[in-house]
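Summary of the model geometry
Here is what each chain is made of, one letter per residue.
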Amino acid sequence: MEFNVKKLASDAGVFFSRAMQFTEEKLGQAEKTELDAHFENLLARADCTKNWTEKILRQTEVLLQPNPSARVEEFLYEKLDRKVPSRVTNGELLAQYMTEAANDFGPGTPYGKTLIKVGETQRRLGAAEREFIRSASISFLTPLRNFLEGDWRTISKERRILQNRRLDLDACKARLKKAKAAEAKAALWSDEVEKAEHELRLTQTEFDRQAEVTRLLLEGISSTHVNHLRCLHEFVESQTNYYAQCYQFMLDLQKQLGRFSGTFVGNAESASPAAAASPPVAAATLPAVPTIPVVPTIVGVPNTVAEGVLNPNEVKPPASGTRRARVLYDYEAADSTELALLADEMITVYSLPGMDPDWLIGERGNQKGKVPVTYLELLS
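Residues numbered from 1 in each chain as written. Predicted model: local features only at pLDDT ≥ 70, side-chain atom pairs only at ≥ 80, totals over all residues. Heavy atoms only, no water.

Per an unreviewed UniProt entry, the protein chain is named Endophilin-B2, and its organism is Junco hyemalis. Here is the UniProt Subcellular location (unreviewed entry) comment for the protein chain, exactly as written: "Cytoplasm". According to the UniProt record, the Subunit (unreviewed entry) comment for the protein chain reads "Homodimer, and heterodimer with SH3GLB1." (UniProt positions renumbered as here; feature names shortened; annotations may be inferred.)

**Quick notes on the overall build of the protein chain**
Scanning the protein chain from terminus to terminus reveals ten helices and five strands. Going through the 380 residues of the protein chain one by one, you find that 33% of them count as buried. By sequence separation, contacts in the protein chain at least 24 residues apart represent 67% of the contacts at least 6 residues apart. Looking at the protein chain as shown, the accessible area adds up to about 23,600 Å², and 58% of this sits on carbon and sulfur atoms. (Helix = DSSP H or I, 4+ residues; strand = E, 2+ residues; numbered from the N terminus. Buried < 20%, exposed > 50% of the residue type's maximum accessible area, 1.4 Å probe, protein only. Contact = heavy atoms within 4.5 Å. Areas by Shrake-Rupley, 256 points an atom, 1.4 Å probe, with all protein chains shown as cover.)

**Regarding the nonpolar core**
The biggest cluster of nonpolar side chains holds 34 residues, and the ones touching the most others in it are F132, F140 and L218. Among the elements of the structure, α2 (37–64), α5 (110–183), α6 (190–219) and α7 (221–271) are those that each provide at least two residues to this core. The element contributing the most residues to this core is α5, with 16 residues. In contact with L218, not counting residues within four places along its chain, are F39, L42, L43, A46 and I155. Counting residues in hydrophobic clusters, the runner-up holds 16 residues, among them V327, V349, Y350 and L376. (Core = buried A, V, L, I, M, F, W, Y, C linked by side-chain atoms within 4.5 Å.)

**Regarding the layout of surface pockets**
Rolled over the atoms, a probe with the dimensions of a water molecule shows which regions are left empty. If you add up the space inside the largest pocket, you get close to 1,300 Å³. The biggest single contributor to the lining of the largest pocket is α5, with 13 residues. Grouping the constituent residues of the lining of the largest pocket by class yields 13 nonpolar, seven polar and 17 charged. (1 Å grid on protein atoms, 1.4 Å probe; cavity = no way out; pocket = protein on both sides within 12 Å on 5 of 7 lines; lining within 4 Å. Points joined across faces, edges and corners; volume = space filled by probe spheres on them. Nonpolar A, V, L, I, M, F, W, Y, C, P; charged D, E, K, R; others polar.)

**What to know about the pairing of strand β3 (residues 359–364)**
The buried fraction of β3 is high, at five of six residues. Pairing of strand β2 (residues 346–350) with β3, which is carried by three bridges, proceeds in the antiparallel orientation. Looking at β3, one finds that V349 is bridged to G362. As judged from the six bridges shared by β3 and strand β4 (residues 367–372), these two strands associate in the antiparallel manner. Within β4, the residue paired with R364 across the bridge is Q367. (Pairing = 2+ DSSP bridges.)

**Details of the packing of aromatic side chains**
Inspection of the entire model under this criterion finds nine aromatic pairs. Every member of this aromatic cluster is reached through a ring pair, and the members are F132, F140, F235, Y242 and Y243. Cation over ring: K370 sits above W359, and NZ or CZ is 5.5 Å from the ring centre. (Phe/Tyr/Trp six-rings, centres within 6.5 Å; stacked < 30°, edge-to-face > 60°. Lys NZ or Arg CZ within 6 Å of the ring centre and 35° of its normal.)

**Quick notes on the pattern of salt bridges**
As enumerated under the stated definition, the model contains 18 salt bridges in all. Measuring nitrogen to oxygen at the nearest pair gives 2.7 Å for the salt bridge that ties D170 to R166. Of this pair, D170 and R166 both sit in helix α5, four residues apart, which is roughly one turn of that helix. Here the two residues D170 and R166 agree in accessibility, since each one is buried. Counted as one network, the salt bridges with shared partners bring together D36, E212 and R215. (Salt bridge = Lys/Arg side-chain N within 4 Å of Asp/Glu carboxyl O.)

**Section: empty space enclosed by the protein**
According to the stated counting rule, one finds one cavity of 30 Å³ or more in the structure shown. In this structure, the largest cavity spans a volume of roughly 60 Å³. Around the largest cavity sit eleven residues that line it, and D252, K255, W359, P372 and T374 are the ones nearest its centre. In terms of residue count, α7 provides more of the lining of the largest cavity than any other element does, four residues in total. Split by residue class, the lining of the largest cavity holds five nonpolar, two polar and four charged.

**So, unusual backbone geometry**
At D344, a residue that is not glycine, the phi angle is positive and equals roughly 80°. With respect to the helices and strands, the residue D344 is situated in the loop between β1 (323–327) and β2.

**Let's talk about helix α4 (residues 90–105)**
The end-to-end C-alpha distance of α4, which contains 16 residues, comes to 22 Å, matching closely the 22 Å that a straight helix rising 1.5 Å per residue would cover. Within the sequence span of α4, burial applies to G91, E92, A95, M98 and A102. Along the axis of α4, the buried residues cluster in a sector spanning 120°; they form a single face. Among the exposed residues of α4, those oriented more than 90 degrees off its buried face are N90 and D104. (Expected span 1.5 Å × (residues − 1). Arc of directions from axis to C-beta.)

**Remarks on the sheet that holds β2**
Ordered in space as β4-β3-β2-β1-β5, the five strands form an open sheet in which the pairing is antiparallel. The open sheet has two free edges, formed respectively by β4 and β5 (376–378), since each of these has just one partner strand. Each strand axis lies, on average, 40° off the axis of its neighbour in the sheet, ignoring direction. (Axes fitted to C-alpha atoms, helices over the stretch in contact; angles between N-to-C directions.)

**Section: the environment of M355**
Tracing the sequence through the fold places M355 in the loop between β2 and β3. In the structure, M355 is positioned 15 residues away from K370 in sequence and 9.8 Å away in space, judged by C-alpha atoms.

Dropping the structure here:
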């Protein structure tokens, strides 16, 4: 019990001494030990790294999850060390609504068919978004968060210790200065000078040791930058893949809608004479993407291909130039000129003069028809 009382009294005395030194420095009444310029630069660089890492982390979280309530929920699950429940993306929810609407309106109607096609694309977009969020969280957000919650906390702790050691050192310097001034007036103070010098040597040693520890941690910020640079490259790669997938999905959807545009306009005109006087809606909202351009007749090529109408029975594979391809996704043929595909199956493909470069002729046994290039992985 007596030991604890003495320790508490000692700690209180140290705290009071540091408070006095800090206050006098702020008032300009006490000298302050300055760190060297290199050390100050390391401190400034560390503070800059911490501040910008926090801002980049927070804004990336907003980019990946714009809903603030969802971000708070994920934060709480993380702090409780529990798995965040799977959440349906906006694209997947929209796909569900479009599919249900198509079933109510009639999946065989032009509007119902289009809703199904667009809904399927929205589902694929939602799945791609989910994978992008997962990849970005692992490769980018987690390393930034680990730095702020790990390395930076260690650096901050050691900096606080260094600050206390510096205050102790400057307090000892002030006491030694006062003892020497008193010694000049009376020889009786010689013991106080010797005691103050001994305390100064101890505090100087502790300060130098803590300064070295803190310096090593601050110099480690360079390694942090290298690690964050690698993570940034991975984030860009994930984002590039995500937007490339989205672009490809929308390009495929646009081509599919282009095939429906003529049917849609025709039905609209026959069903509503008044609408015929106004510009067709499909022409404004669904730009048709031609699947096979009209080209002049080419020697050796059936007229049906050159004219933009493909009859699979009249197509003959070229003597050379055929390749094997693996199907990446299921594909539903839009008409009799196309070949339906199943994911992971192998087919033979080749091109004909005058064909749209986004399409190939595909063969599977005795079946033959046009297939979209984007659904294939061409093998060498």
